[in-house]
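Inside the fold
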Amino acid sequence: PRGLTVTLLGTQYGVLLLPAVALALTRGFPMTKTFCLRLPHWRSLLGAILIGLSASVGIAGLLLRLAPPPDSLLRELQEILQFGNQPAPLWKLWLLIAITPALCEETFFRGLMLSGLRRWGPWASIGLTALFFGLLHGSIYRFLPIFMLGVLLGYVVWKNGSLYCSILIHVLNNGLMATLIWSSGGTVMEVQSVPWSVILGALAITSLGVALIRSEERRVGK
């Protein structure tokens, strides 16, 4: 657990966050424009909350229903995410699984990278950042749901020009997962058994959140 914690923190802060900020500072990039540091409208914040609480349930539940991974992978993934055979304290899970990745990964992917690619147009830049975002997590079973989440996060930032919304979505998405891991007490989470009603309801809530986000017409860099 200690080695995994050091590796996670080193990767997040040492490979993603600090180099991104250092590059922007040394090259003289405007920080507000590069990292999309605009305060969002309240509708976008509400939309981000709805997306953050529902997207992972809807996307992962749907994909795992259609192509369930082996139970051994689920057990291995859960042991990694709870930092050992038994769940770590909930505050530690939130810090390491929710807050740290949200801050570091969003700053790198939906901040520096998305801004750097914006001249290619919305879907090319959003798609490429989502592709690398999925590859970062290094699992063929996790790639598609993470890629789809990356597309959603990129769209949110492109639409309202605020990295704060994607960070909030990321925190809530991972925090919900961390809380489920902690509350499960070390048992394997039967994600394949999520009812269709829950999956469809979660997708509907996500769609409502996207609709609220779309009410802001500002684009990245404007």
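Residues numbered from 1 in each chain as written. Predicted model: local features only at pLDDT ≥ 70, side-chain atom pairs only at ≥ 80, totals over all residues. Heavy atoms only, no water.

1. A word on the pattern of salt bridges
Scanning all chains against the criterion turns up one salt bridge. Between Glu106 and Arg110 there is a salt bridge, and its shortest N-O distance comes to 2.7 Å. Placement of both Glu106 and Arg110 in helix α5 (residues 90–116) is noted, with a separation of four residues, approximately one turn of the helix. With relative accessibility at 0%, the residue Arg110 sits in the buried group. (Salt bridge = Lys/Arg side-chain N within 4 Å of Asp/Glu carboxyl O. Helix = DSSP H or I, 4+ residues; strand = E, 2+ residues; numbered from the N terminus. Buried < 20%, exposed > 50% of the residue type's maximum accessible area, 1.4 Å probe, protein only.)

2. Quick notes on the confidence of the model for the chain
Scored by pLDDT, the chain has a mean of 87; 85% of the residues are at 70 or more. pLDDT under 50 marks residues 218–222. Its contacts with residues more than four places away, or in other chains, come to 19 contacts. (pLDDT = per-residue confidence, 0-100. Contact = heavy atoms within 4.5 Å.)

3. Thoughts on the nonpolar core
Within the largest apolar cluster, 28 residues are counted, with the highest numbers of intra-cluster contacts made by Ile51, Ala55, Val156 and Ile169. Of all the secondary-structure elements, those providing two or more residues to this core are α3 (42–66), α5, α6 (122–136), α7 (140–160), α8 (163–184) and α9 (196–213). Broken down by element, this core gets its largest block of residues, eight residues, from α7. Residues within four places of Ile51 in sequence aside, it is in contact with Leu152, Val156, Ile169, Thr206, Gly209, Val210 and Ile213. (Core = buried A, V, L, I, M, F, W, Y, C linked by side-chain atoms within 4.5 Å.)

4. With respect to the side chain of Ser125
With respect to the helices and strands, Ser125 occurs in helix α6. Its relative accessible area of 0% is what places Ser125 among the buried residues. Among the polar contacts listed, one links the side chain of Ser125 to the backbone oxygen of Gly121, at a separation of 2.6 Å. Not counting residues up to four positions away in its chain, the partners in contact with Ser125 are Leu114, Leu117, Arg118 and Trp158. (Polar contact = N/O pair within 3.5 Å; in protein donor to acceptor, adjacent residues only side chain to side chain.)

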